[in-house]
Amino acid sequence: MNSTKIAFIGTGLMGLPMARNLLRAGYPLTAYNRTRSKAEPLQKDGAKLASSPSEAAKDAQIIISIVSDTPDVEQVLTGENGVIRTAKPGSIVIDMSTISPSATRIIAQNLEARGVEMLDAPVSGGDTGAIAGTLSIMVGGKKEILDQSMPILKTMGKTITYCGGHGMGQMTKLCNQVAISLHMLAASEAIAFAEKAGLDPSLMVQAVGSGAAGSWVINNLGTKMVKHDFAPGFMVRLLQKDLRICLATASEIGASLPGASLAHQLYNSIEAHGRGDEGTQSLIALLEEMANIEIEKRTE
Ligand code: NAP
């Protein structure tokens with residue numbers, strides 16, 4: 001039995017299985033979710049439920065948050081009923097949401113003024129990685145605070161990378177989102193180009209996927225694009241939220257993101273076609289429209 005008391009805030013698609021893994025590893029855990037019913041399944045695994053972030057945090061040594069966007073993290077950590085109202089000096093907040101690096105630094109300063117440490121620790125690996133406890137976790141903050149928190153992070157993730165001071169975990173995650181959005185565009189464009197030329201796009205995916213232009217996206221989502229399987233692993237609206245943060249951060253630091261800007265604009269059109277809750281591979285539908293083609297349903 002582990003004795004470190006954990007408060008867990010946000011039991012959505014990602015948070016619920018992450019909290020469950022902590023409970024199964026024996027940590028005493030109090031969960032808070034805005035919509036209480038979504039945290040109730042954790043009671044079977046031994047969780048207590050709290051009715052506010054401040055109530056969840058009051059006895060905790062480690063406070064984990066994984067909610068949607070920057071204002072949501074500000075609300076649960078430093079807002080009116082936020083963690084900051086009750087967290088004990090010496091406790092550690094680990095925010096695992098994907099949010100703005102600059103806002104993260106401000107939250108960390110506000111918590112530090114109350115003697116509370118913070119790590120930004122966004123994740124990659126989707127709900128399957130959250131369920132399996134194999135997430136990739138990118139960490140910013142003080143190295144010694146990461147060292148103290150390592151056993152807890154290892155319960156949720158497999159690859160844990162220290163990226164630098166406050167906000168650098170978020171910066172690493174944003175680099176991941178820039179790259180993934182462009183991989184998505186590269187795969188969609190190649191598939192639409194193949195189809196327009198009368199080439200079987202599945203054959204192209206197979207041939208290209210194992211060569212120098214191969215990528216996780218073309219190998220895993222290329223096949224889904226060809227089959228028009230748009231069930232979400234990662235939803236368009238969440239990628240758009242992340243690209244908005246990437247572009248705002250680029251403006252703050254004077255960086256240029258020409259490719260990510262283009263991907264964001266194209267995904268605006270995908271959202272305008274009502275595809276915001278689909279998987280990000282649905283970008284192929286727009287490239288098909290632009291080339292005035294429909295991927296042919298070929299028989300083997
Ligand atoms: P989700 O299923 O939509 O869950 C979002 C959670 O945040 C819910 O528990 C929601 O509460 C809570 N929340 C949102 N706004 C809140 C507020 N103002 N106050 C209190 N609670 C609030 O999303 P998710 O997929 O778990 O994603 C969570 C975070 O992980 C996001 O930052 C996302 O970008 C990141 N992420 C997601 C994936 C993925 O594959 N899904 C992968 C990597 C990273 P309610 O239940 O009341 O709505």
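Residues numbered from 1 in each chain as written. Predicted model: local features only at pLDDT ≥ 70, side-chain atom pairs only at ≥ 80, totals over all residues. Heavy atoms only, no water.

Looking now at the site of the ligand. Close to the ligand lie 24 residues; Asn 33, Thr 35, Lys 38, Ser 68 and Lys 241 are nearest. Contacts to the ligand include Arg 34, whose side-chain N or O atom sits 3.0 Å from an oxygen atom. At 3.1 Å, a backbone N or O of Val 67 approaches an oxygen atom of the ligand. Burial of the ligand by the protein chains amounts to 90% of its free accessible area of 910 Å². Sorting the residues of the shell around the ligand by element identifies α3 (70–78) and α11 (236–253) as the ones contributing at least two each. Top contributing element to the shell around the ligand by residue count: α3, with three residues. Of the residues in the shell around the ligand, the class split is eight nonpolar, 11 polar and five charged. Taken domain by domain, the shell around the ligand gets at least three of its residues from each of domain 1 (6–166) and domain 2 (171–290). (Near = heavy atom within 4 Å. Polar contact = N/O pair within 3.5 Å; in protein donor to acceptor, adjacent residues only side chain to side chain. Areas by Shrake-Rupley, 256 points an atom, 1.4 Å probe, with all protein chains shown as cover. Helix = DSSP H or I, 4+ residues; strand = E, 2+ residues; numbered from the N terminus. Nonpolar A, V, L, I, M, F, W, Y, C, P; charged D, E, K, R; others polar. Domains from an automatic or database assignment.)

Next up on the list: the pattern of salt bridges. Applying the stated criterion across every chain, the model contains eight salt bridges. Between Asp 45 and Arg 20 there is a salt bridge, with its nearest N and O atoms 3.1 Å apart. You can see Asp 45 sitting in the loop between β2 (29–32) and β3 (48–49) and its partner Arg 20 sitting in helix α1 (residues 15–24), a full 25 residues away along the chain. For Lys 142, the salt bridge is made with Glu 112, and the minimal N-O distance between the two is 2.7 Å. Of this pair, Lys 142 sits in the loop between β8 (135–140) and α6 (143–156) while Glu 112 sits in helix α4 (residues 101–112), and the two are 30 residues apart along the sequence. What emerges from the salt-bridge pattern is a single network uniting Arg 20, Arg 24 and Asp 45. (Salt bridge = Lys/Arg side-chain N within 4 Å of Asp/Glu carboxyl O.)

With that settled, the discussion passes to helix α12 (residues 258–272). Under the 1.5 Å per step criterion, the end-to-end length of α12 is 21 Å for 15 residues, consistent within 8% with the ideal 21 Å. Residues of α12 that are buried in the fold lie against α7 (168–196), α11 and α13 (283–291). Phi for Gly 274, located one or two positions after α12, is positive at around 75 degrees. (Expected span 1.5 Å × (residues − 1). Contact = heavy atoms within 4.5 Å.)

The topology assignment puts Leu 185 in helix α7. A relative accessible area of 9% places Leu 185 in the buried class. Sequence spacing of Leu 185 and Met 290 is 105 residues, and the spatial spacing of their C-alpha atoms is 13 Å. Those residues within four positions of Leu 185 in sequence are excluded, and the remaining contacts are Leu 262, Leu 266, Leu 283 and Leu 287. (Buried < 20%, exposed > 50% of the residue type's maximum accessible area, 1.4 Å probe, protein only.)

This paragraph deals with the pairing of β2. Side-chain alternation along β2 places Leu 29 and Ala 31 on one buried face and Thr 30 and Tyr 32 on a second face that is also buried. Strand direction decides the pairing type here: strand β1 (residues 6–9) and β2, joined by four bridges, are parallel. When the bridges of β2 are listed, Ala 7 appears paired with Thr 30. Running through α1, the crossover from β1 to the neighbouring parallel element β2 is right-handed. Here two bridges tie β2 to β3, and the two strands are oriented parallel to one another. For Thr 30, the partnering residue across the bridge sits in β3 and is Lys 48. (Pairing = 2+ DSSP bridges. Right-handed = clockwise from strand over helix to strand, strands pointing away.)

On to the domain arrangement of the chain. For the chain, the assigned domains read domain 1 (6–166) and domain 2 (171–290). The gap between the C-alpha centroids of domain 1 and domain 2 is 29 Å. Listed by partner, the interface residues are 13 residues for domain 1 and 10 residues for domain 2. Taken together, both faces of the contact between domain 1 and domain 2 bury some 950 Å²; the carbon and sulfur share is 61%. When residues of domain 1 are sorted by the area they lose upon contact with domain 2, Thr 98, Pro 101 and Met 138 head the list and together hold 43% of the total. Viewed at the interface, domain 2 and domain 1 are joined by four residue pairs in polar contact (both at pLDDT 80 or more). (Buried area = accessible area lost by both parts, 1.4 Å probe.)

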